[in-house]
Amino acid sequence: MARVVVDVMPKPEILDPQGQAVARALPRLGFTGISDVRQGKHFELEVDDSVDDETLAKIAEGFLSNPVIEDFTVRRIGA
């Protein structure tokens with residue numbers, strides 16, 4: 001078994017209202033020095049060793065993300 005992490009983020013050209021709301025709230029809460037916040041999704045999958053990288057990319061692109069407005073990265077973190 002392996003653990004796979006898929007991180008999904010809005011593409012840079014896509015507005016991120018949730019990230020903007022967090023960025024506006026931080027100074028009001030006393031946190032300074034933060035110039036931008038982007039909010040995304042983080043998935044952890046436990047997969048059999050037989051699941052190849054191509055299959056993982058298909059899962060990320062076709063199910064975990066919306067490729068029109070989001071980018072994703074897939075990485076194995078354990079075997």
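Residues numbered from 1 in each chain as written. Predicted model: local features only at pLDDT ≥ 70, side-chain atom pairs only at ≥ 80, totals over all residues. Heavy atoms only, no water.

The protein appears in an unreviewed UniProt entry as Phosphoribosylformylglycinamidine synthase subunit PurS from Actinophytocola gossypii. Per UniProt, the comment on the protein under Pathway (unreviewed entry) is "Purine metabolism; IMP biosynthesis via de novo pathway; 5-amino-1-(5-phospho-D-ribosyl)imidazole from N(2)-formyl-N(1)-(5-phospho-D-ribosyl)glycinamide: step 1/2." (UniProt positions renumbered as here; feature names shortened; annotations may be inferred.)

Novice: Is there a simple way to explain helix α1 (residues 17-28) in this structure?
Specialist: Every α-helix carries 3.6 residues per turn, so stepping three or four residues along brings you back to the same face. Compared with an ideal rise of 1.5 Å per residue, which puts 12 residues at 16 Å, α1 spans 17 Å between its outermost C-alpha atoms and is within 8% of the ideal. Those residues of α1 lying buried are G19, A23 and L26. An end-on view of α1 places all buried positions within 60° of arc, on one side of the element. In α1, the exposed positions that point more than 90 degrees away from the buried face belong to P17, R24 and R28. G30 lies just past α1 and shows a positive phi near 95°. (Helix = DSSP H or I, 4+ residues; strand = E, 2+ residues; numbered from the N terminus. Expected span 1.5 Å × (residues − 1). Buried < 20%, exposed > 50% of the residue type's maximum accessible area, 1.4 Å probe, protein only. Arc of directions from axis to C-beta.)

Novice: Is there a simple way to explain the pattern of salt bridges in this structure?
Specialist: One side chain can pair with another of opposite charge once the charged atoms of both are near each other. Evaluated as defined, the whole model comprises six salt bridges. Because the salt bridges share partners, they merge into one network encompassing R3, E44 and E46. (Salt bridge = Lys/Arg side-chain N within 4 Å of Asp/Glu carboxyl O.)

Novice: Where do I start with the nonpolar core in this structure?
Specialist: In terms of nonpolar packing, the biggest core is built from nine residues, these being A2, V4, V6, V8, L45, V47, L56, A60 and L64. Listing elements by their share of this core, those giving two or more residues are β1 (2-10), β2 (41-47) and α2 (53-64). (Core = buried A, V, L, I, M, F, W, Y, C linked by side-chain atoms within 4.5 Å.)

Novice: Help me out: how do you make sense of α2 in this one?
Specialist: Three or more residues of α2 are buried, namely L56, A60 and L64. All buried residues of α2 lie within an arc of 40° about the axis, which places them on one face of the element. The exposed residues of α2 that point more than 90 degrees off its buried face are E54, K58 and G62.

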